Amino acid sequence: MHFRLRKNVIQLIRITYDDTKKKGNNAIIGTVKVSNPILPEELRLKLTSEEIKAFDIWLNTQHRTDRLREEMAALTLAEHMLLAEKWFEREGDSKSAQLVAHDIVSQWHNMRRLLIKKEQLG
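### A look at the overall build of the protein
Then, in step 1: Along the backbone of the protein there are three helices and three strands.
Then, in step 2: Beginning at the N terminus, the succession of helices and strands in the protein can be written as β-β-β-α-α-α.
Then, in step 3: Compactness check: the protein gives a C-alpha radius of gyration of 22 Å against a globular reference of 14 Å for 122 residues, more than 25% above the reference.
Then, in step 4: Residue burial in the protein is summarised as follows: out of 122 residues, 16% are buried.
Then, in step 5: Pairs at least 24 apart in sequence give 30% of the contacts found in the protein among residues at least 6 apart.

Structural data, given as structure tokens:
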């Protein structure tokens, strides 16, 4: 069983070996929404118990990886902001700097609202 993230879904792909072609065949068995990654009963019936277990392990690993990335981003954000400051100084008023600055300001407003809401910023 192989899992592939595509836009808003997780594709569950079964790989079977074809002796005549001497290679594997990939067949999409079903999809699960990323926003609610629970196997529907109809899809669960198509999967073996090993495939269900593999999906659960993959999902837990993905969740753990995402949480670690988020933590690493938060813990290194100040350092990365300092590096970004140096880049902006070097880039001056370039088109790249303008585009990136717009995205940063927009995201910073969201972050600031969250920090105020959580009473972590006055």
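### With respect to the environment of Val-34
Then, in step 1: In this structure, Val-34 sits in the loop between strand S3 (23-33) and helix H1 (41-46).
Then, in step 2: Its relative accessible area of 39% is what places Val-34 among the partly exposed residues.
Then, in step 3: Considered as a pair, Val-34 and Asn-8 are 26 residues apart in the sequence and their alpha carbons are 5.4 Å apart.

### Points about a nonpolar patch on the surface
Then, in step 1: Together, Leu-77, Met-81, Val-100, Ile-104, Trp-108, Met-111, Leu-114, Ile-116 and Leu-121 make up a nonpolar patch on the protein surface, roughly 710 Å² of accessible area in all.
Then, in step 2: Looking at the nonpolar patch, the element that brings in the most residues is helix H3 (residues 95-117), giving six residues.
Then, in step 3: Locating Trp-108 in the fold gives a position in helix H3.

### Here we look at helix H2 (residues 49-91)
Then, in step 1: In a regular helix each residue adds 1.5 Å, so 43 residues correspond to 63 Å; H2 covers only 55 Å between its end C-alpha atoms and thus falls short of that length.
Then, in step 2: By the largest-angle criterion, Leu-77 marks the main kink of H2, which is about 55°.
Then, in step 3: Where H2 is concerned, the buried positions are Glu-51, Ile-52, Phe-55, Trp-58 and Thr-76.
Then, in step 4: Of the surrounding elements, those touching the buried residues of H2 are strand S1 (2-6), strand S2 (9-18), S3 and H1.
Then, in step 5: Positive backbone phi, at 65°, marks Gly-92, one or two positions downstream of H2.

### Structural notes on the pattern of salt bridges
Then, in step 1: By the definition in use, this model includes two salt bridges.
Then, in step 2: Here Glu-51 ties to Arg-14 by a salt bridge, and the two come within 2.7 Å at their closest N and O atoms. Separated by 37 residues along the polypeptide, Glu-51 in helix H2 and Arg-14 in strand S2 bring together distant segments of the chain.
Then, in step 3: Judged by relative accessible area, Glu-51 falls into the buried class, the value being 9%.
Then, in step 4: Across the pair Asp-66 and Arg-69 runs a salt bridge, and its minimum N-O distance is 3.2 Å.

Rules behind the numbers
- Residues numbered from 1 in each chain as written.
- Predicted model: local features only at pLDDT ≥ 70, side-chain atom pairs only at ≥ 80, totals over all residues.
- Heavy atoms only, no water.
- Helix = DSSP H or I, 4+ residues; strand = E, 2+ residues; numbered from the N terminus.
- Rg over C-alpha atoms; globule rule 2.2 N^0.38 Å.
- Buried < 20%, exposed > 50% of the residue type's maximum accessible area, 1.4 Å probe, protein only.
- Contact = heavy atoms within 4.5 Å.
- Patch = residues over 30% accessible without salt bridge, like charges linked within 9 Å, V, L, I, M, F, W, Y side chains within 5 Å.
- Areas by Shrake-Rupley, 256 points an atom, 1.4 Å probe, with all protein chains shown as cover.
- Salt bridge = Lys/Arg side-chain N within 4 Å of Asp/Glu carboxyl O.
- Expected span 1.5 Å × (residues − 1).
- Bend = angle between axes of the 7 residues up to and from the residue.

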